[in-house]
Amino acid sequence: MEIVTDCSNRIGTLEETSLLYNTLPAEVEEKANELNQPQLRIWELLSIARLTKLGEALSKLPGCQVLGTLGWAVDIILQSLKEPITQEEYQKLMNICNGLYDFGDSQEFYAGGEIQVPGGAPFQVFDLNGMMGVHLEVNGYIDNHLRLLNALSQGKEPPEAEMFVLGCTLLPDYYVRTGTVNLENHPKIQAELERIWDDYDFVCSSPTWIQTAERIRNYKSLDLLQ
């Protein structure tokens, strides 16, 4: 019982500490209050696009195939924000959503499969568990989007956008596991934070669909680990 109490106290202390895990969600929430619903959805979609290359690399590991579908999901979500998609596309997006949810309970998620990172330590599948978990964050975003499309098709009140993804692209658990003490000072963490806030400025500038699609296309070729 003393151990449980001690763990609870330590967790409480960490939750109140000025760590990236705590400060970034608060900053994102503050910025999110200044955006409308379409802007919020685009802001998060841009982050998911940056997970494409990592997802493709991890999808070659056993049981991780769903991670290789993120690029397609990003493209079809962007398309669906400006024009209707087919029932087949909707169903495929739902299958991806369900696959990401199931992935978190799979043996492969916990088994320690890894990919090589040039110039760095191998990236393990379980490193996706940073923040609330990349797979669950993306699952939550897609689930919310599916409910949006369903509501619009039936003339019902659409669900409000929720901030799921922003921050998970920092991949903090990877850097903590491989020895980084101060996440805020890590060059790759700093670079991703800059992209997050630059995306915020981008969506605030009322970009065209063409500009948004171009940014997504560029992000899909970006390797967060290099």
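The following refers to the structure shown. (Residues numbered from 1 in each chain as written. Predicted model: local features only at pLDDT ≥ 70, side-chain atom pairs only at ≥ 80, totals over all residues. Heavy atoms only, no water.)

Quick notes on the state of the cysteines
Applying the stated rule across the entire model yields zero disulfides. The thiol of Cys97 is unpaired, and the distance to the nearest cysteine sulfur, on Cys168, comes to 14 Å. Residue class for Cys97 comes out buried when judged on its relative accessible area of 3%. Given the relative accessible area of 2%, Cys168 is considered buried. (Disulfide = S-S within 2.5 Å. Buried < 20%, exposed > 50% of the residue type's maximum accessible area, 1.4 Å probe, protein only.)

Some thoughts on the packing of aromatic side chains
Note on aromatic pairs: each is described by the distance of the centres and the angle between the planes. One pass over the structure, following the stated rule, counts eight aromatic pairs. Taking 6.2 Å as the distance between ring centres and 45° as the angle between the ring planes, the aromatic pair formed by Trp43 and Trp197 counts as tilted. Of this pair, Trp43 sits in helix α3 (residues 37–49) while Trp197 sits in helix α10 (residues 187–204); the two residues are 154 residues apart in sequence, bridging distant segments of the chain. With relative accessibility at 0%, the residue Trp43 sits in the buried group. Between the aromatic rings of Tyr174 and Tyr175, the centroid separation amounts to 4.9 Å while the plane-to-plane angle is 70°, which identifies the pairing as edge-to-face. When its relative accessible area of 5% is taken as the criterion, Tyr174 is described as buried. By way of ring pairs, the aromatic residues Phe103, Phe109, Tyr110 and Phe126 are connected into one cluster. The aromatic ring of Tyr219 is capped on one face by Arg50, whose charged end is 4.7 Å from the ring centroid. Over the ring of Trp72 we find Lys92, and its NZ or CZ is 4.3 Å from the ring centre. (Phe/Tyr/Trp six-rings, centres within 6.5 Å; stacked < 30°, edge-to-face > 60°. Helix = DSSP H or I, 4+ residues; strand = E, 2+ residues; numbered from the N terminus. Lys NZ or Arg CZ within 6 Å of the ring centre and 35° of its normal.)

Concerning the pairing of strand β1 (residues 114–117)
Of the two faces of β1, the one holding Ile115 and Val117 is buried and the one holding Glu114 and Gln116 is not buried anywhere. Hairpin remark: β1 followed by strand β2 (residues 120–124), antiparallel, with two residues in the connecting loop; positive phi at Gly119, about 80°. (Pairing = 2+ DSSP bridges.)

Considering the nonpolar core
In terms of nonpolar packing, the biggest core is built from 63 residues, with Leu58, Phe123, Leu128 and Ile142 touching the most fellow members. Setting aside residues no more than four positions away along its own chain, Leu58 makes contact with Cys64, Leu67, Ile115, Phe123, Val125 and Leu128. (Core = buried A, V, L, I, M, F, W, Y, C linked by side-chain atoms within 4.5 Å. Contact = heavy atoms within 4.5 Å.)

Points about the packing of α10 against helix α11 (residues 209–220)
Running from N to C, α10 and α11 point in directions that differ by 165°, and their axes come no closer than 12 Å. The angle between the axes of α10 and α11 places the two elements in the roughly antiparallel class. In this structure, α10 crosses over α11, and the sense of that crossing is left-handed. Contacts between α10 and α11 involve Arg195, Asp198, Asp199 and Phe202 from the former and Gln211, Thr212, Arg215 and Tyr219 from the latter. (Axes fitted to C-alpha atoms, helices over the stretch in contact; angles between N-to-C directions. Parallel < 35°, antiparallel > 145°, perpendicular 65-115°, else oblique. Left-handed = near helix turned anticlockwise from the far one by under 90°.)

As for helix α5 (residues 70–80)
Counting buried positions along α5 yields eight of eleven residues, so the element is predominantly enclosed. Within α5, burial applies to Leu70, Gly71, Ala73, Val74, Ile76, Ile77, Leu78 and Ser80. On its buried side, α5 packs onto α3, α4 (52–58), α6 (87–103), α8 (134–153) and α11.

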